[in-house]
Amino acid sequence: MGKKSKQKKGNNKKNKKPNKKAQSSKFNIKDMLFSLVVLPMAIFFYEMVFKVSVTDQADGLSILPTLIFAIIYGIIVFFLCSWSKNSKTNFIIKTVMLFILAVPYIVEYFVFKQFKMLYDVPTVVGSARDVAGSRFAMDALEIMTDADGIAHLTLWLFPTLMYLIRGRALDTCKRVSKKYVTILLGVLIALAAGNGVLINQYSKFKDSYDDHYNYPAAVENFGLLTGIRLDVLNLFWGKEHSFDAEGDDDFNIMEGEPIEEEIPEKEEKTVYDLNVMDIDFDAIAERTGGKLANIDEYVQSIKPSSQNEMTGIFEGKNLIFITAEAFSAEAIDPKVTPTLYRLATKGINFTDYYEQATAGTTGGEYQNIFGLLPMRGGASFYDASSNLNYFTMGNQLDRLGYYGMVFHNNDYKYYSRHVTHNAIGYSEGYMGYGNGLEDYITLQWPESDLEMMEATVDMYINHQPFNIYYMSVSGHSNYTFASNKMAQKNRDLVEGMEGSERILSYKAANAELDKAVEYLIKRLEEANIEDDTVIVIAADHFPYGLDNDAAIGSMPYLAELYGYEVTNYLERDHNRLIIWCGEMEKKDPIIVDSPTSSLDILPTLSNLFGTEWDSRLLPGRDVFSEKEALVFNMSYDWKTSYGTYLAGSETFTPSDPKKSNLNWDSYVERINKVVKNKVQYCSEVLRNDYYRHLFEE
């Protein structure tokens, strides 16, 4: 009995399978292959969900570089997750990394869902700082907890959850051996080289990746992680690019006869002086050298525009500039907003105007005030606060002795306005809710533009000539009668009108801006200075709060407002600019039907007020000059009087269908160079404090 038991025990020992501890701890090819499937495919999964969610399509051409980058990032993360001899530690690191990798997609998606545009790193960081602890935190929570938000959160957390549940059983998480480190480094180098060749094969890839990087195009072409990587690199170690000598900003961008058509001879016109300042660029360039000298050379190569019959017609007059929150051409209605309708039709009537949506409200303000694209995204205005902002209307008119003030009826520190709006030249500084206006304005959402106007007009109306800037808020989302106090207040004005609740509440909210302007004009008329006062109204961006969805081509409420499906950025950003003066009502309205944008406001006002300015130093144009019209954005889309070019698809559509069969290639190539130079100039002015270089050295 004893022997039998002993024999059985010995057999059991002999037949027993080795446990996990007894298994080989050597890293092998199977371990590597599994790990390389988990990480790259998780990243590629994140990218595809993001691409489909924000663009409503998965562009076939951009999928390949996105996939290659996902594999590259996966290999790099694999190294980070395979350094420990303890497989449990490696498993924990890999799980955490899968979650960390999902975070940027989650954050950027919900930012995009709210603002309908891709925000670069500085803008996201700045917005997060502003939103935290503010009333907008509730808006952020709301969009994250609705059905769509929960669905997207689930999708991006799915790889982490699945790996946490099943990963330990399938992945040995062994430490990578030196042999396979060498192999993987070779694969990494080969993939990077191959992707480099691919990117250089296509101009749309090459431009957005290197030559003329811009964040939205980089994200669309290469994926979010690559967009973030390039943004950080450009932020801290931005590569210097020279201006294209063949892309000089000439009098006539049709020069060179790029198409076969007869251009009628121009009638003889009055010869006007040029809009230039006495600047010795050669002497300045010789003194400073380097990158600033390159900018000097570019600016000096530009042919300046001439003064014209409109030069100085507003000289000495008061100026009131309103950046109107989420304003649009469709907010102008003879019934709901009769005062805005009056100003839009009896002043200077801009019928083809665009407000580039690049960095939300602060980006729109930057464009209106500086006449430049915000190349540092939402951080642009703050960065510019330490620069010499020589050409803002605040500084131009301040040098002429104007009395200047800035007002905003929301939190005075939001977007760091207590810093930025005290740095744009208004002599008496900035007042918002929290440093003065809280004594006059009811705390609600959104606050009343009418209350702001009633509180502030007496502060400046007797200090002529005055120069006033307002940032409004009444037109802000959300657009429901239940959640928007201004829509509730003015609901009776839209009763009986056709349209969804969102569109009607949007129009009702904008009626408060109309009442504010009505009150302002009434006070000007009572003081008998309406003929001596110019009112300018421009949007900060399109009404992005109408739609919950984030994608171009999937904005049903914006399409309802506009009356057409929005398929590209230029269609999305069409708007209306108002420039009005009381004395203009006695004459026929002036129609500006050429393409015009926010970058044209500053040079146009400089010309109208007859200030000292240099047309070579602003990328926009005085719309009354002989310069050809050119609207462009940070994605390198552009529009001229001759047609529209969309950089993403590299397609040009002539404005005259009869000329669609002409050879436009040389024309498109030329304007692309002009646009790239102008976009780069916007970046260089901000980054190098360029006006200080010219006017303080």
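Residues numbered from 1 in each chain as written. Predicted model: local features only at pLDDT ≥ 70, side-chain atom pairs only at ≥ 80, totals over all residues. Heavy atoms only, no water.

### So, the overall build of the protein chain
Thinking step 1. Each helix and strand in the protein chain was counted, giving 26 helices and 15 strands.
Thinking step 2. Expressed as a percentage of the 697 residues in the protein chain, the buried residues total 59%.
Thinking step 3. For the protein chain, contacts bridging at least 24 residues in sequence account for 76% of all contacts bridging at least 6. (Helix = DSSP H or I, 4+ residues; strand = E, 2+ residues; numbered from the N terminus. Buried < 20%, exposed > 50% of the residue type's maximum accessible area, 1.4 Å probe, protein only. Contact = heavy atoms within 4.5 Å.)

### Examining the nonpolar core
Thinking step 1. The biggest cluster of nonpolar side chains holds 79 residues, and the ones touching the most others in it are L617, W638, Y681, Y690 and Y691.
Thinking step 2. Those residues in contact with L617 that lie beyond four places of it in its chain are I279, F281, V299, F391, Y681, Y690, Y691, L694 and F695.
Thinking step 3. Counting residues in each nonpolar core, the second largest holds 60 residues, with M431, M452, Y544 and L546 among its members. (Core = buried A, V, L, I, M, F, W, Y, C linked by side-chain atoms within 4.5 Å.)

### Details of the sheet that holds strand 14 (residues 643-646)
Thinking step 1. A sheet is described by the order of its strands in space; here four strands give the open sequence 12-13-14-15, paired in antiparallel fashion. Two strands in the sheet have a free side with no partner beyond their single neighbour: strand 12 (631-632) and strand 15 (651-654).
Thinking step 2. Where strand 13 (residues 638-640) and strand 14 come together, three bridges link them in antiparallel fashion. Counterpart to W638 in the pairing with strand 14 is Y645. (Pairing = 2+ DSSP bridges.)

### Here we look at helix 8 (residues 178-201)
Thinking step 1. Here helix 8 is 24 residues long and its end C-alpha atoms lie 35 Å apart, about the 34 Å a rise of 1.5 Å per residue gives.
Thinking step 2. For helix 8, the complete set of buried residues consists of Y180, L184, L188, N195, L198 and I199. (Expected span 1.5 Å × (residues − 1).)

### Observations concerning the side chain of S328
Thinking step 1. Locating S328 in the fold gives a position in the loop between strand 1 (318-324) and helix 14 (338-346).
Thinking step 2. Given a relative accessible area of 0%, S328 falls into the buried group.
Thinking step 3. Side-chain polar atoms of S328 contact the side chain of Y506, separated by 2.9 Å.
Thinking step 4. If we ignore the near neighbours within four places in the chain, the residues touching S328 are Y506, P543, L561 and N575. (Polar contact = N/O pair within 3.5 Å; in protein donor to acceptor, adjacent residues only side chain to side chain.)

### Describing the pairing of strand 6 (residues 466-471)
Thinking step 1. In terms of residue burial, strand 6 counts as a mostly covered element, since six of its six residues are buried.
Thinking step 2. Of the two faces of strand 6, both are covered, the one formed by F466, I468 and Y470 as well as the one formed by N467, Y469 and M471.
Thinking step 3. Here five bridges tie strand 1 to strand 6, and the two strands are oriented parallel to one another. Counterpart to T323 in the pairing with strand 6 is M471.
Thinking step 4. Across six bridges, the pairing between strand 4 (residues 403-411) and strand 6 is parallel. Within the sheet, the bridge partner assigned to H408 lies in strand 6 and is M471.

### Comments concerning the pairing of strand 14
Thinking step 1. A one-sided burial pattern is seen for strand 14, the buried positions being G643 and Y645 and the unburied ones T644 and L646.
Thinking step 2. Connecting the antiparallel pair strand 13 and strand 14 is a turn made up of two residues.
Thinking step 3. The pairing of strand 14 with strand 15 spans four bridges and is antiparallel. Bridge assignment links T644 to a residue of strand 15, and that residue is T653.
Thinking step 4. Counting the residues in the hairpin turn of strand 14 and strand 15 gives four residues, including E650, whose phi is positive at 55 degrees.

### Concerning helix 10 (residues 215-222)
Thinking step 1. With respect to burial, helix 10 is a largely interior element, seven of its eight residues being buried.
Thinking step 2. Just downstream of helix 10 lies G223, where phi reads positive at about 100 degrees.

### Considering the pattern of salt bridges
Thinking step 1. A full pass over the atoms with the stated rule returns 21 salt bridges.
Thinking step 2. A salt bridge links R692 to E696; the shortest N-O distance between them is 2.9 Å.
Thinking step 3. Accessibility expressed as a relative area gives 28% for R692, which makes it partly exposed.
Thinking step 4. Judged by its relative accessible area of 48%, E696 falls in the partly exposed class. (Salt bridge = Lys/Arg side-chain N within 4 Å of Asp/Glu carboxyl O.)

### What about the sheet that holds strand 5 (residues 430-433)?
Thinking step 1. The strand order 5-4-6-1-7-9-2-10 describes an open sheet built from eight strands, whose pairing is mixed. The open sheet has two edge strands, strand 5 and strand 10 (590-592), and neither has a second partner. Within the sheet, the average angular offset between the axes of one strand and its neighbour, ignoring direction, is 15 degrees.
Thinking step 2. Where helix 14 meets the sheet, it contacts strand 2 (348-350), strand 7 (533-539) and strand 9 (578-581), and its direction lies at approximately 85 degrees from that of strand 9.
Thinking step 3. Along the sheet, helix 21 (residues 501-526) makes contact with strand 1, strand 6, strand 7 and strand 9, crossing strand 7 at roughly 170 degrees. (Axes fitted to C-alpha atoms, helices over the stretch in contact; angles between N-to-C directions.)

### Notes on the packing of aromatic side chains
Thinking step 1. Going through the model one piece at a time under the given rule, you end up with 44 aromatic pairs.
Thinking step 2. Between W638 and F652, the aromatic rings sit 5.7 Å apart at their centres with planes inclined by 40 degrees, giving tilted as the arrangement. Residue W638 is located in strand 13, and its partner F652 is located in strand 15; the two are separated by 14 residues in the primary sequence. Of the two residues examined, W638 and F652, each falls in the buried class.
Thinking step 3. Where F652 meets Y667, the ring centres are 5.9 Å apart and the plane angle is 70 degrees; that geometry is what we call edge-to-face. Placement of the pair is F652 in strand 15 and Y667 in helix 25 (residues 665-688), with a sequence separation of 15 residues. Summarising the burial analysis for this pair, F652 and Y667 share the class buried.
Thinking step 4. Connected via pairs of aromatic rings, a cluster forms that spans F243, Y298, Y390, F391, Y681, Y690, Y691 and F695.
Thinking step 5. The side chain of R399 reaches across the aromatic face of Y390, ending 3.7 Å from its centre. (Phe/Tyr/Trp six-rings, centres within 6.5 Å; stacked < 30°, edge-to-face > 60°. Lys NZ or Arg CZ within 6 Å of the ring centre and 35° of its normal.)

### Here we look at the packing of helix 4 (residues 87-115) against helix 11 (residues 224-237)
Thinking step 1. Running from N to C, helix 4 and helix 11 cross one another at 90 degrees; their axes reach a closest spacing of 10 Å. The angle between the axes of helix 4 and helix 11 places the two elements in the roughly perpendicular class. Across from L101, P104, Y105 and E108 in helix 4, the residues of helix 11 making contact are L224, L225 and I228.
Thinking step 2. Of the residues in the contact of helix 4 with helix 11, the class split is six nonpolar, no polar and one charged. (Parallel < 35°, antiparallel > 145°, perpendicular 65-115°, else oblique. Nonpolar A, V, L, I, M, F, W, Y, C, P; charged D, E, K, R; others polar.)

### Observations regarding the confidence of the model for the protein chain
Thinking step 1. Averaged over every residue, the pLDDT of the protein chain is 88; residues scoring 70 or more account for 88%.
Thinking step 2. Here residues 1-24 scores under 50 on pLDDT; set against residues more than four positions off or in separate chains, the count is one contact. (pLDDT = per-residue confidence, 0-100.)

### Considerations on the side chain of E330
Thinking step 1. As for its position among the elements, E330 is in the loop between strand 1 and helix 14.
Thinking step 2. A polar contact of 2.9 Å, which involves the side chain of E330, links it to the side chain of H574.
Thinking step 3. Here E330 is in contact with K507, L561, Y562 and H574, once residues within four sequence places are set aside.

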